[in-house]
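# Fold and contact review
Here's the letter readout for the chains.
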Amino acid sequence: MDHHHHQQQHHQYDEGENDYRHQEDDWDRDLLLDPAWEKQQRKTFTAWCNSHLRKAGTQIENIEEDFRDGLKLMLLLEVISGERLAKPERGKMRVHKISNVNKALNFIASKGVKLVSIGAEEIVDGNAKMTLGMIWTIILRFAIQDISVEETSAKEGLLLWCQRKTAPYKNVNIQNFHISWKDGLGFCALIHRHRPELIDYGKLRKDDPMTNLNTAFDVAEKYLDIPKMLDAEDIVGTARPDEKAIMTYVSSFYHAFSGAQKAETAANRICKVLAVNQENEQLMEDYEKLASDLLEWIRRTIPWLENRVPENTMQAMQQKLEDFRDYRRLHKPPKVQEKCQLEINFNTLQTKLRLSNRPAFMPSEGKMVSDISNAWGSLEGAEKGYEEWLLNEIRRLERLDHLAEKFRQKAAIHEAWTNGKEEMLQRKDYETASLSDIKALLKKHEAFESDLAAHQDRVEQIAAIAQELNELEYYDSPSVNARCQQICDQWDSLGVLTQKRSEALQRTEKLLETIDQLYLEFAKRAAPFNNWMEGAMEDLQDTFIVHTIEEIQGLSTAHEQFKATLPEADKERQAILGIHNEIAKIVQTYHVNMAGTNPYTTINPQEINAKWDKVRQLVPQRDQALIEEHARQQNNERLRRQFANQANVIGPWIQTKMEEIGRISIEMHGTLEDQLTHLRQYEKSIVNYKPKIDQLEGDHQLIQEALIFDNKHTNYTMEHIRVGWEQLLTTIARTINEIENQILTRDAKGISQEQMNEFRASFNHFDRKRTGMMDAEDFRACLISMGYNMVKQRVQISMGCDQVVVPMDNGEAEFARIMSIVDPNRLGLITFQAFIDFMSRETADTDTADQVMASFKVLAGDKNYILADELRRELPPDQAEYCIARMTPYTGPDAVPGALDYMSFSTALYGESDL
């Protein structure tokens, strides 16, 4: 428990039948040990006492001193209670003072307050705590106890009063009589609530309590006659202001404003009485006005509901029904509400008058509730009869309108269907239609006739409805009758037009079917005839190419046969044109407007006649062309025979000479010189034959100019003769050259005539194809037959002069080396000259490369290389430069600048560069 609670002891006071309950903050001897609270209570209680004592013309300065003699204490009690106390003692002695104080305490006790722990001696002795406790008891009894707010009294009543008065102020929250008042806004709110003109509450700030407190204290003192019982500094400076001081000061506000509360209560009572009277009078006026308005509305409405004059149209009657529905839905419901409200107001008014002891209300004459009920009954009677009449009349008109609408709908549907039908039936589209179009139009017309028959029922229904409307005297019968008559007239017209169109379509169909048959027959006969003419024109204009008399004779025979068919063809032409003329006759007779041409063919008579004329024109042209070609072929035949006679002599002669030359080179009669002499004689005789070749060339030129490409009289062409002649010249020249080379080889290699004959015999033996050349396999066989060793040992020269013998891997490599010598162009063929060169090389001196190498070594002074100057000094200039240009630089260990490799050069001279 806090320090404050330890310092308090409770005292009690009782009043009449109500016992005061234990008060948490009641007086005790140990009270007021807190100097701040004691200071606040001393100032507040002093100011409170003075606020009452000044009414008796006096006041106190020191609360514990000025009440010691009891005189001012008794005076204070008389002022606040309004009663007289016992006469005080005027003596100055202690006993007199105690007596006065006891009188005062006894008066307090007589008011139902039971004093505890407070004695007269302590008051007389100036005990501040006891004196303050006594004053607080007086304040509780006379300033706070009588406060009553909503069934709460005393402290709780005062707190509730503060809460109610400050409730509108959001920044004020009164929960107690200490810290809730620290910011000063609570005091300002109490003043502003009752006297808003005294404080500008909107300018106050919660964070400025000093200003707020001083404002409230100053305004209360100046305008409300409430003395300044508190100090702003004490309240702000104390953590928890003294509750009794706050309660005392706040109770002054309650009492200050309680007078105004009483006046307000009295005014409210008067206003309440007046308001009841005014309300009653207003209710009476409202009843009178509402009753008048309602009766006037009923008076106006009943004649409208009793009107039974019927309308001619459904639309007008429906408008009446719509007006009646508006009346029931919009106009009557508010009146029902008004009638009900009128009765409620009447009963409420009578009840209020009775409860407020006032006489009952008597409405004006004719405006009683019973009068209004009677008028309302008449209204509903008229209303019921009106609705029945309206419905009966609408049902009557509904039947007429239904029939009229049915007539209009059926008429509209029929008119929409007939729209354009007369124009369609009168159309002449069949005049320009084809047969397929006519058949389509007939089917379409048959469908229309079925449709027309189906619409017969609707026309009869339309007529029947119009008749019924006339019998029921429909108001718009004239227009119905006119429309019905128009429909019937149009129907009769459609029937007539339909029959006419049907007849026209059937007649046109028969005509077009006849024409179509003629068209088809025309097409079937015109097409093959047209093809025959086109083929004939193509054949007659064909640019023939013939090479013999027989071919031109065949063409002439075929042409004569063609001319024999022309009379029969002309008859067919006349028949085809007759078909077309028959079509034209039908068209002209029956005035058929032909829309197009023959659907089965694009051929027309004009085209047939034009092509026939063209054929007849081309026949004599073809006759002339065949005659001219026959003469040309006779001349060509003469040229062929002339060429053939010469070619058949020259060709065999060339062949014979070729064979004789071959035998001379193969048979080896006599020495090579004898063979050479024999061949030169042949060459001379051949050259002397040249004029015959030239003459044949002249004949050949004539043949070419005549564009003759074949000749059955000879197998020789000029190209054959030319090639043979050139081969003959070449063969004699080559054969003479071969013999000359053989003589050179023989002399150079020292080959005897016998060896030469042996080489020729071997070559001829293995020249199996007798072409004067051997292929590779024949050459291999020849070498083997002559005992040539294919696995040859070859010498490889290394650095210096040492030699290493290395055998080849197999015979294939050696044969490849030989072939590269005898067939350097890789043609796969070996001539006799190449064969002799190889054999003479192999059988003669095989160390030629070594001998040349040894000769170069002599010129080089026994060195492994040679210098350019040494070559130029020892050899002729051409040979020296030849060697220098082809020798590679020497790279041996003993090389010097400018050294040349003569060993590799020597090897290369004999085709052994790989050694």
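Given the structure is predicted, the values throughout are model-derived calculations rather than measurements.

### Focus: the overall build of the chain
- Assigned secondary structure in the chain consists of 32 helices and 10 strands.
- For a compact globule of 915 residues, the expected C-alpha radius of gyration is about 29 Å, and the chain comes in at 82 Å, more than 25% above that figure.
- Viewed in the frame of its principal axes, the chain has a C-alpha envelope of about 215 × 130 × 40 Å.
- Of all 915 residues assigned to the chain, the portion counted as buried reaches 41%.
- Considering only intrachain contacts with a sequence separation of at least 6, the fraction spanning at least 24 residues in the chain is 71%.

### Some points on helix 22 (residues 672–688)
- The first and last C-alpha atoms of helix 22 sit 25 Å apart over 17 residues, in line with the 24 Å expected at 1.5 Å per residue.
- Residues of helix 22 that are buried: Leu672, Gln675, Leu676, Leu679, Tyr682 and Ile686. End-on, the buried residues of helix 22 take up no more than an arc of 120°, which puts them together on one face. Among the exposed residues of helix 22, those oriented more than 90 degrees off its buried face are Gln681, Lys684 and Asn688.

### Here's the deal with the UniProt feature "domain: Calponin-homology (CH)" (unreviewed entry) in the chain
- The positions UniProt marks with the feature "domain: Calponin-homology (CH)" (unreviewed entry) are residues 39–143 and 152–258.
- The span residues 39–143 shows a helical share of 65% and a strand share of 0%, and its end C-alpha atoms are spaced 21 Å apart.
- The distance separating the terminal C-alpha atoms of residues 152–258 is 16 Å; by composition the span is 56% helix and 2% strand.

### Details of the environment of Cys883
- Mapping Cys883 onto the fold places it in helix 31 (residues 877–886).
- In the structure, Cys883 is positioned 11 residues away from Arg872 in sequence and 9.6 Å away in space, judged by C-alpha atoms.
- In this structure, Cys883 is in contact with Phe856, Leu871, Leu875 and Phe905, ignoring residues within four places of it in sequence.

### So, the pattern of salt bridges
- Enumeration according to the criterion identifies 61 salt bridges in this entry.
- When the shortest N-O distance is used, the salt bridge between Glu338 and Lys335 registers 3.5 Å. Of the two residues, Glu338 and Lys335 both sit in helix 13 (residues 314–355), 3 residues apart, roughly one turn of that helix.
- Overall, Lys335 belongs to the buried group, its relative accessible area being 17%.
- Within this structure, Arg328, Lys332, Glu380, Glu383 and Glu387 form a network of salt bridges that share partners.

### Remarks on the confidence of the model for the chain
- Model confidence for the chain is summarised by a mean pLDDT of 83, while 90% of its residues fall at 70 or above.
- When the criterion is pLDDT under 50, residues 792–806 qualifies, and its contacts beyond four places in sequence or with other chains add up to 33 contacts.

### Focus on unusual backbone geometry
- One non-glycine residue, Asp225, adopts positive backbone phi at about 60°.
- Within the fold, Asp225 resides in the loop between helix 10 (209–223) and helix 11 (232–237).
- Phi angles above zero are rare outside glycine, and Asn357 is one such case at about 60°.
- Tracing the backbone shows Asn357 in the loop between helix 13 and helix 14 (369–418).

### Topic: the UniProt feature "domain: EF-hand" (unreviewed entry) in the chain
- The residues that UniProt annotates with the feature "domain: EF-hand" (unreviewed entry) are residues 754–789 and 810–845.
- Taken end to end, residues 754–789 is 64% helix and 8% strand, and its two terminal C-alpha atoms sit 23 Å from one another.

### A look at the nonpolar core
- In this structure, Ile135, Ile138, Phe187 and Phe253 are the most contacted members of the largest nonpolar core, which totals 77 residues.
- Considering each element in turn, this core owes the most residues, 11 residues, to helix 7 (residues 128–144).
- With sequence-adjacent residues up to four places away left out, Ile138 is seen in contact with Trp48, Leu73, Leu77, Ile80, Ile108 and Ala143.
- Ranked by size, the runner-up nonpolar core spans 48 residues in total, among them Ala647, Ile693, Phe779 and Ile818.

### Topic: the state of the cysteines
- For the structure shown, the criterion picks out 0 disulfides.
- Cys488 provides the cysteine sulfur closest to Cys484, a residue in no disulfide bond, and the two sulfurs are 4.3 Å apart.

### So, the side chain of Asp516
- Following the sequence through the fold, Asp516 ends up in helix 18 (residues 477–541).
- Although Asp516 lies buried, it forms no salt bridge, and the closest oppositely charged side chain, Lys439, sits 8.1 Å away as judged by the N-O distance.
- Aside from chain neighbours lying at most four places away, what touches Asp516 is Leu435, Pro599 and Tyr600.

### A closer look at the packing of aromatic side chains
- This structure, assessed with the given rule, holds 35 aromatic pairs.
- With a centroid separation of 5.2 Å and an interplanar angle of 85°, the aromatic rings of Trp161 and Tyr254 are classed as edge-to-face. With Trp161 in helix 8 (residues 154–166) and Tyr254 in helix 12 (residues 243–306), this pair connects stretches of sequence that are 93 residues apart. Across the pair, Tyr254 and Trp161 agree in class, each one buried.
- Measuring from ring centre to ring centre gives 5.8 Å for Trp417 and Phe448, while their planes differ by 5°; the resulting arrangement is stacked. Residue Trp417 is located in helix 14, and its partner Phe448 is located in helix 16 (residues 435–454); the two are separated by 31 residues in the primary sequence.
- Overall, the relative accessible area of 12% leaves Trp417 in the buried class.
- The structure contains a cluster of three or more aromatic residues connected by ring pairs, namely Phe177, Trp181, Phe187, Phe217, Tyr249, Phe253 and Phe257.
- The ring of Trp417 has Lys421 sitting right over it, with the charged end atom 4.8 Å from the ring centre.
- Positioned above the aromatic ring of Phe815 is the side chain of Arg780, whose terminal nitrogen or guanidinium carbon lies 4.1 Å from the ring centre.

Calculation rules
- Residues numbered from 1 in each chain as written.
- Predicted model: local features only at pLDDT ≥ 70, side-chain atom pairs only at ≥ 80, totals over all residues.
- Heavy atoms only, no water.
- Helix = DSSP H or I, 4+ residues; strand = E, 2+ residues; numbered from the N terminus.
- Rg over C-alpha atoms; globule rule 2.2 N^0.38 Å.
- Buried < 20%, exposed > 50% of the residue type's maximum accessible area, 1.4 Å probe, protein only.
- Contact = heavy atoms within 4.5 Å.
- Expected span 1.5 Å × (residues − 1).
- Arc of directions from axis to C-beta.
- UniProt positions renumbered as here; feature names shortened; annotations may be inferred.
- Salt bridge = Lys/Arg side-chain N within 4 Å of Asp/Glu carboxyl O.
- pLDDT = per-residue confidence, 0-100.
- Core = buried A, V, L, I, M, F, W, Y, C linked by side-chain atoms within 4.5 Å.
- Disulfide = S-S within 2.5 Å.
- Lys, Arg positive; Asp, Glu negative; His and termini not counted.
- Phe/Tyr/Trp six-rings, centres within 6.5 Å; stacked < 30°, edge-to-face > 60°.
- Lys NZ or Arg CZ within 6 Å of the ring centre and 35° of its normal.

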